[in-house]
Every structure is written in C-alpha cells, then in structure tokens.
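Given next are the chains, with one letter for each unit.
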Amino acid sequence: MAGTVPLPAARAQTRPAASRAADESPAVKWLLIGLAAAVLLWLIALPLAIVVTEALKKGWDVYWAALRDPDAASALRLTLLTAAVTVPLNTLFGVAAAWAVTKFKFRGKGLLITLIDLPFAVSPVIGGLIFVLVFGAHGWFGPWLSEHDIKIVFALPGIILATLFVTFPFVARELIPLMEDQGTQEEEAAITLGARGWHIFWRVTLPNIKWGLLYGIILCNARAMGEFGAVSVVSGHIRGETNTLPLHVEILYNEYQFSASFAVASLLLLLAVATMLLKIWLTRKNAHEAP
C-alpha cells in the first residue's frame, strides 16, 4: 500500500553495510581494537623503544662518538648513495612498466607482470647470490671483468645491482592497480584532440598517478636504505668501503659493541620515521585534494 510504513526488518536490510557494522557490539569493537593495539605495541613500538633506549644507555657522548666514527660515516654515505642511484632508476622502470601493462595489449604481458613480482617471491639472499654467480671472480663474466680491471661484486656496482633487484617492484606495483582503475579513456580523449606521446603522458597520465608514484618512490627508498640480505652477499663487508648502515650495525653487534650498534640502528630508525612522516603528509595532502 502507498501509505505503508516500512517494517524495521525491511528497513535494516536496505541500510548500508557500514551502518549495520556500526551497530556491532561495543565489546567486540574494543576487543578488536585492543588486540590490534597489543600486537602493534609488542611487535613495533616496544622494539623501537628498546633501540632508542639501548642507543642512549651509556650517554650522549658514546652515542655521538658512534655516529661520528669514520666507518659509520662511510656506511651512511654509501647507503644514501645507493638509494640516490636505485630509486630514480626504479622510478623510470616502474612508470614504463606500469604504462606498458595498463595502456597496451601485447604478448607476454603476463610474463612481464610475473617478472615484476619475482623479487617479492625470491629471497634477497638468493638475489645477491645471483649477481655473485654472474659477476664474481668465478662467475660467467668474472674472468673478462678481471682482465679489464672492472669490479662488480664486492664494490659499489654490485651493491647497486643487488638493491635494484630487491626494490624494483615497488613503484610498478604501486602504479599498476591505480592505472588499471583509471582506464584509458582520458588518454584516448587526448588523442582525439590531437595530443601525442610525451605530451599525453605529461599532461594527462602523470597528473593522475602522481600520488601513487610518490608513494611507490617512498616505499622504494625505504627498502633501498634498509636492505640487508642481498647487499650482504655482494658487498664483502669491507669496512669503510662496502658496508651500508644495516651491515655496519651487524658488524658492530657481532663485535659486542652494543651501544655503538644500537646508535647506528637508531640512525636507520630516524631515516625510516622521516620516510613514514613524509608518506603521512602526502596521504593527507592527497585526501585534501581529492574531489
């Protein structure tokens, strides 16, 4: 009948899922929140607090002495240099791969996506071992490299290659779902208006993916600075030459220089916190700009 008032049950069925979820028992809600908080406290907050506490355990003088040590300074420079080289290269690869996968149809697209995801499935140690087997003294190109006095393994090029291997999926994997969701309508419209090639990319594609691209760059940079396994295999652990910050922390800890190792670890922690703060700022800025 036209004047019939909907029954409560019928009204409940038509309510959005989010509204029905809001009626969940407060006990269940607070239980889930409490479990999540406990896990975060135990696995993240507590270990980070221990790092800071142990780093300052013997006072600021010991802390600053550990950071001013020439080997620590060399490890910091190498870490930043490696990130400065690998992140732009992975950014170029990630944008090109995502553009190819989402904007074009071609044979081998599935294989390309599989190769992009490969570093997620392969242990970083195996990734480093691959470069040792290829470029090491007894590897495929080892004799030729030795004849021409070119060092890959146990030198900066090997560290960069290993870091490239473990970090190159981050930008591509951040962009591919975003660009698939956006489709190709805007690019096709630009083509009908006479735009071509790079003009379409700079004026249409890039503005639409800029936030996803920045997130991918941030994640790639964080992994590049904190990578241990692959770099450990190819570096040779040469003090003051091929040790990045994570490797320097391990060496100090194995030598029972606990305060110094935690001091250097706190430096890595500061870099990670700065990276996350930047990501949070970008997320909020993106939310404000969203229609």
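Along each chain, the written sequence defines residue order, and numbers are assigned to residues from 1. A pLDDT threshold of at least 70 governs which residues receive local features in this predicted model, and a stricter bar of 80 or more applies before side-chain atom pairs are shown or counted, although totals over entire chains, interfaces and linings include all residues. Water and hydrogen atoms were dropped before computing side-chain values, which therefore reflect all heavy atoms in the structure.

1. Quick notes on the UniProt feature "transmembrane region" (unreviewed entry) in the protein chain
Okay, step 1: UniProt positions are given in the numbering used here, feature names are shortened, and annotations may be inferred rather than shown by experiment. Within this numbering scheme, the UniProt entry marks residues 30–52, 72–99, 111–140, 152–172 and 258–282 as carrying the feature "transmembrane region" (unreviewed entry).
Okay, step 2: Think of it this way: any DSSP run of H or I at least four residues long counts as a helix, any run of E at least two long counts as a strand, and we number them from the N terminus. Summarising residues 111–140: 77% helix, 0% strand, and an end-to-end C-alpha distance of 25 Å.
Okay, step 3: Across residues 152–172, helical content stands at 76% and strand content at 0%; the span's end C-alpha atoms are separated by 26 Å.

2. Examining the packing of aromatic side chains
Okay, step 1: Two aromatic rings, drawn from Phe, Tyr or Trp (for Trp, its six-membered ring), form a pair once their centres lie within 6.5 Å of each other, and the interplanar angle then sorts them: stacked below 30 degrees, edge-to-face above 60, tilted otherwise. Counted under the stated rule, the structure contains 11 aromatic pairs.
Okay, step 2: Ring centres of Phe120 and Phe170 lie 5.6 Å apart, and the angle between their planes is 90 degrees; this geometry places the pair in the edge-to-face category. Note that Phe120 is positioned in helix H6 (residues 109–121) and Phe170 in helix H10 (residues 169–182), a separation of 50 residues in sequence.
Okay, step 3: Residue classification places Phe170 among the buried residues on the basis of a relative accessible area of 17%.
Okay, step 4: Centroid distance Phe131 to Phe135: 6.4 Å. Interplanar angle 10 degrees. Geometry classified as stacked. Of this pair, Phe131 and Phe135 both sit in helix H7 (residues 124–135), four residues apart, which is roughly one turn of the helix. Accessible area is worked out with a 1.4 Å probe on protein chains only. A residue is then buried under 20% of its type maximum, exposed over 50%, and partly exposed in between.

3. What about the environment of Tyr253?
Okay, step 1: Residue placement: Tyr253 occurs in helix H14 (residues 245–254).
Okay, step 2: Pairs of residues are marked as contacts when any of their non-hydrogen atoms sit within 4.5 Å. Beyond its immediate chain neighbours, meaning those up to four positions away, Tyr253 contacts Phe258, Ser261 and Phe262.

4. A look at the packing of helix H5 (residues 70–103) against H6
Packed helices, taken two at a time, are described by the angle their axes make and the gap between the axes.
Okay, step 1: In this analysis an axis means a line fitted to C-alpha atoms, helices contributing only their contacting stretch, and an angle means the value between N-to-C directions, from 0 to 180 degrees. The contact between H5 and H6 brings their axes to 11 Å, and the two run at 150 degrees. One finds that H5 runs roughly antiparallel with respect to H6. Judged by the sense of rotation from one axis to the other, the crossing of H5 with H6 is left-handed. Seen from H5, the contacting residues are Phe93, Ala97 and Val101; seen from H6, they are Lys109, Leu112, Ile113 and Ile116.
Okay, step 2: Polarity classes work like this: nonpolar for Ala, Val, Leu, Ile, Met, Phe, Trp, Tyr, Cys and Pro, charged for Asp, Glu, Lys and Arg, and polar for all others, with Gly in that last group. A per-class count over the contact of H5 with H6 returns six nonpolar, no polar and one charged. Relative orientations are named as follows: roughly parallel for angles under 35 degrees, roughly antiparallel for angles over 145 degrees, roughly perpendicular for angles from 65 to 115 degrees, and oblique for any other angle. Whether a crossing is left-handed or right-handed is set by the direction in which the near helix is turned from the far one by less than a right angle, anticlockwise for left-handed and clockwise for right-handed.

5. Notes on the packing of H10 against helix H12 (residues 197–226)
Okay, step 1: Following both chains from N to C, one finds H10 and H12 inclined at 155 degrees, their axes separated by 7 Å at the closest point. With respect to their mutual orientation, H10 and H12 come out roughly antiparallel. Here the hand of the crossing between H10 and H12 comes out right-handed. Residues Phe170, Val171, Glu174, Leu175, Leu178, Met179 and Gln182 of H10 form the contact with H12, whose participating residues are Thr205, Asn208, Ile209, Gly212, Leu213, Tyr215, Gly216, Ile217, Leu219, Cys220 and Arg223.
Okay, step 2: In terms of residue class, the contact of H10 with H12 is made up of 11 nonpolar, five polar and two charged.

6. Notes on the side chain of Thr163
Okay, step 1: Of note, Thr163 is situated in helix H9 (residues 156–167).
Okay, step 2: Of the residues examined, Thr163 reaches a relative accessible area of 0% and is grouped as buried.
Okay, step 3: Among the polar contacts made by the side chain of Thr163, one reaches the main-chain carbonyl oxygen of Ile159 at a distance of 2.7 Å. Side-chain atoms alone can form a polar contact between residues adjacent in sequence; in general such a contact is a pair of N or O atoms within 3.5 Å, and within protein one must be able to donate a hydrogen while the other accepts it.

7. Side note on the pattern of salt bridges
Okay, step 1: A carboxyl oxygen of Asp or Glu within 4 Å of a side-chain nitrogen of Lys or Arg is what we treat as a salt bridge. Per the stated rule, a full pass over the model turns up four salt bridges.
Okay, step 2: With a shortest N-O distance of 2.8 Å, Arg173 and Asp117 are connected by a salt bridge. Placement of Arg173 in helix H10 and of Asp117 in helix H6 is noted, with a sequence separation of 56 residues between them.
Okay, step 3: In this structure, Glu255 engages Arg239 in a salt bridge whose closest nitrogen and oxygen atoms are separated by 2.4 Å. Here Arg239 lies in the loop between helix H13 (229–235) and H14 and Glu255 lies in the loop between H14 and helix H15 (258–289), a separation of 16 residues in the sequence.
Okay, step 4: Classification of Glu255 as partly exposed rests on a relative accessible area of 37%.
Okay, step 5: Among the ionic contacts, a cluster of salt bridges with common partners joins Asp71, Arg239 and Glu255.

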